[in-house]
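Each chain, letter by letter, is given below.
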Amino acid sequence: ATAIDLSDPEWKLKYQRDFEERFNIPHITDAFPDAEAIPSTFCLKMRSPTYINNKDRVLLKVINYSSPASAGAVCIDPDCTWIEQWVQRAGPRENIYFRPEDVKAAIVTCGGLCPGLNDVIRLIVITLEIYGVKNIVGIPFGYRGFSDKNLPEIPLSRKVVQNIHLSGGSLLGVSRGGPTVTEIVDSMERINMLFVLGGNGTHAGANAIHNECVKRRMKVAVVGVPKTIDNDILHMDKTFGFDTAVEEAQRAINSAYIEAHSAYHGIGVVKLMGRSSGFIAMQASLASGQVDICLIPEVPFNFHGPDGVLKHLNYLIETKGSAVVCVAEGAGQSFLENTNAKDASGNKVLGDIGVHIQQETKKYFKEIGVAADVKYIDPTYMIRAVRANASDGILCTVLGQNAVHGAFAGYSGITVGIINNHYAYLPIPEVIAYDKSVDPNSRMWHRCLTSTGQPDFCNFYPHFSQSIKSSTKYKKNQKIS
Ligand code: ATP
Ligand code: MG
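Only a predicted model underlies this, so the values are computations on that prediction, with no experimental measurement involved. (Residues numbered from 1 in each chain as written. Chains lettered and ligands numbered in written order. Predicted model: local features only at pLDDT ≥ 70, side-chain atom pairs only at ≥ 80, totals over all residues. Heavy atoms only, no water.)

**Student:** So what about the sheet that holds strand β5 (residues 104-109)? Which residues, and what values?
**Tutor:** Strands in a sheet are paired, the pairing made by backbone hydrogen bonds, and the direction either parallel or antiparallel. Ordered by their spatial adjacency, nine strands build an open sheet running β2-β3-β15-β14-β9-β8-β5-β6-β7, and the pairing between neighbours is mixed. Every other strand in the sheet has two partners, leaving β2 (57-59) and β7 (154-155) as the edge strands with one partner each. Bridging between β5 and strand β6 (residues 135-139) involves five bridges; their strand directions are parallel. If you follow Ile 107 over to β6, its bridge partner there is Gly 138. (Pairing = 2+ DSSP bridges. Helix = DSSP H or I, 4+ residues; strand = E, 2+ residues; numbered from the N terminus.)

Structure, rendered in structure tokens:
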């Protein structure tokens, strides 16, 4: 984004123009002006009401923040007046830019598991078949499947995918790391539609594949479907799998509560997903109503000391007799040894904050001579592997269909998501510019604090404006977006 000078009387106009440029989604005709537009028969076949007009838009920002404080956000406009930001609506288009009989479509799933992957794969295949595509393949084990000669493409059809949503995981398998973008594009052979299901890393890869195809003048539509159980993709109401994850996480919290409540001075510790964003921990704590302490990466906390977590645990044991802690995996990393280890995709390997809390809690209560029965639950891989619940199943279905509509419409380098309850296409770079995170000053986080009743674990809020606002992450999140 270009820097906006608020003293410039024309800033709003420029801001609007900058926004429109950034959110303009790439089309096959940008690189191939002569690409033939073929009338679609999709709506006729499906007896659908109408096609989506290319000019149809979905409103990205709907709130007119009359006061920054009431919105829990810092507004860039001193008067906080309305700025309209619209993005392209998803759905079938009247003209398509690929002949179904010429299409070879490939689907690939990368990164970690997330409930709903099979649901999305299923609907991509089914929708492609409705368009008349016969040649559909799955790339096994993420991007790795593009380069590993021992991993042949998996032929896909309605028959193959009919029941795959009944179980979790990914029919195609997933992986991290793998070949370079050049190697991937080299091995794409006849593939001219590529559907990429994955998180920010996978999307960075998908965008690079799109750019490489444009560079090599290959007429390929690359369409992403954001898969992040952490719900940390920008602009979207939520990503698939998140609802299911919160629901399952709630079950783990409930078990921890029952264990803690049934033991003498029981303390249950539950570690949930959330590398840099605490949405799952926050929502699961809110949903369960059984959490006394919720710790997320966005909010620093003290462990020891008079305002620390341990002191509060002692207070809870004294007053309630038991306590439940819910911690996101990325929280409190400063307490753990930094090994500088990276996974195959180059992501930092985090220390285990759950184990740390368990050990430190045991040590603390031993030291102060108070009996405490500490139990630790890490439900991560149980949650990641479950099948999508009903609401995620529906979300996946619509995302899968719209991914195919987007590819046939000739868009490439795009991703599809739900925005203010409507489905929209967005250019990939805009959704992965940085991770969406919980705003510690937001109403939702404060609702969570109201629910747990936890104090500030480092005299944090009185200094909020200084400590948080000077952090780079906060600044990044306040970038005009
Ligand atoms: P998750 O939410 O599970 O972390 P992710 O998509 O972020 O999902 P990663 O393991 O980070 O998972 O990346 C998935 C794939 O994308 C890997 O094969 C990795 O090599 C590739 N990838 C990651 N970052 C980039 C990048 N900047 N450019 C090209 N490819 C990338
Ligand atoms: Mg990632």
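There's plenty left to go through after this.
**Student:** I'd love a proper account of the confidence of the model for the protein, names of residues and values included.
**Tutor:** With 89% of its residues at a pLDDT of 70 or more, the protein has an overall mean of 90. Within the model, the stretch residues 460-481 combines pLDDT values under 50 with 42 contacts to residues more than four positions away or in other chains. (pLDDT = per-residue confidence, 0-100. Contact = heavy atoms within 4.5 Å.)

**Student:** Now, about the environment of Gly 112: what can you tell me, with residues and values included?
**Tutor:** Within the secondary structure, Gly 112 is located in the loop between β5 and α5 (117-131). The exposure class assigned to Gly 112 is buried, which follows from its relative accessible area of 12%. Sequence-distant contacts of Gly 112, that is, excluding residues within four places in its chain, are made with Leu 117, Arg 176, Lys 227 and Arg 384. (Buried < 20%, exposed > 50% of the residue type's maximum accessible area, 1.4 Å probe, protein only.)

**Student:** Now, about helix α1 (residues 11-23): what can you tell me, with residues and values included?
**Tutor:** Spanning 13 residues, α1 covers 18 Å between terminal C-alpha atoms, matching the ideal 18 Å at 1.5 Å per step. Within the sequence span of α1, burial applies to Trp 11, Tyr 15, Asp 18, Phe 19, Arg 22 and Phe 23. Here the buried residues of α1 occupy an arc of 115 degrees about the axis, which is enough to place them on one side. Contacts made by the buried residues of α1 are with β3 (86-89), β15 (422-427) and α16 (428-431). (Expected span 1.5 Å × (residues − 1). Arc of directions from axis to C-beta.)

**Student:** So what's going on with the site of ligand 1? Residues and values would help.
**Tutor:** The immediate surroundings of ligand 1 are formed by 16 residues, with Gly 112, Gly 177, Asn 200, Thr 202 and Ser 345 found nearest. Lys 227 places a polar side-chain atom, nitrogen or oxygen, 2.9 Å from an oxygen atom of ligand 1. In isolation ligand 1 offers 620 Å² of accessible surface; the protein chains occlude 76% of this area. The element contributing the most residues to the shell around ligand 1 is helix α9 (residues 200-215), with five residues. In terms of residue class, the shell around ligand 1 is made up of three nonpolar, 11 polar and two charged. (Near = heavy atom within 4 Å. Polar contact = N/O pair within 3.5 Å; in protein donor to acceptor, adjacent residues only side chain to side chain. Areas by Shrake-Rupley, 256 points an atom, 1.4 Å probe, with all protein chains shown as cover. Nonpolar A, V, L, I, M, F, W, Y, C, P; charged D, E, K, R; others polar.)

**Student:** Explain the pattern of salt bridges to me, and be specific about the residues and the numbers.
**Tutor:** Enumeration over the complete set of coordinates arrives at 17 salt bridges. When the shortest N-O distance is used, the salt bridge between Arg 99 and Glu 36 registers 3.0 Å. Separated by 63 residues along the polypeptide, Arg 99 in the loop between β4 (95-96) and β5 and Glu 36 in the loop between α2 (28-31) and β1 (38-39) bring together distant segments of the chain. With a relative accessible area of 34%, Arg 99 lands in the partly exposed category. (Salt bridge = Lys/Arg side-chain N within 4 Å of Asp/Glu carboxyl O.)

**Student:** If you had to explain the environment of Pro 306 to someone new, which residues and values would you point to?
**Tutor:** For Pro 306, the position within the fold is in the loop between β11 (293-295) and α12 (309-319). Separated by 151 residues in the primary sequence, Pro 306 and Phe 457 have C-alpha atoms spaced 9.0 Å apart.

**Student:** Run through the state of the cysteines, naming residues and quoting values.
**Tutor:** All told, the structure shown has zero disulfides when counted by the stated rule. Of all cysteine sulfurs, the one in Cys 114 lies closest to Cys 110, which takes part in no disulfide; the gap is 13 Å. Judged by relative accessible area, which is 3%, Cys 110 ranks as buried. Note on Cys 448: no disulfide assigned, nearest cysteine sulfur contributed by Cys 294 at a separation of 4.1 Å. (Disulfide = S-S within 2.5 Å.)

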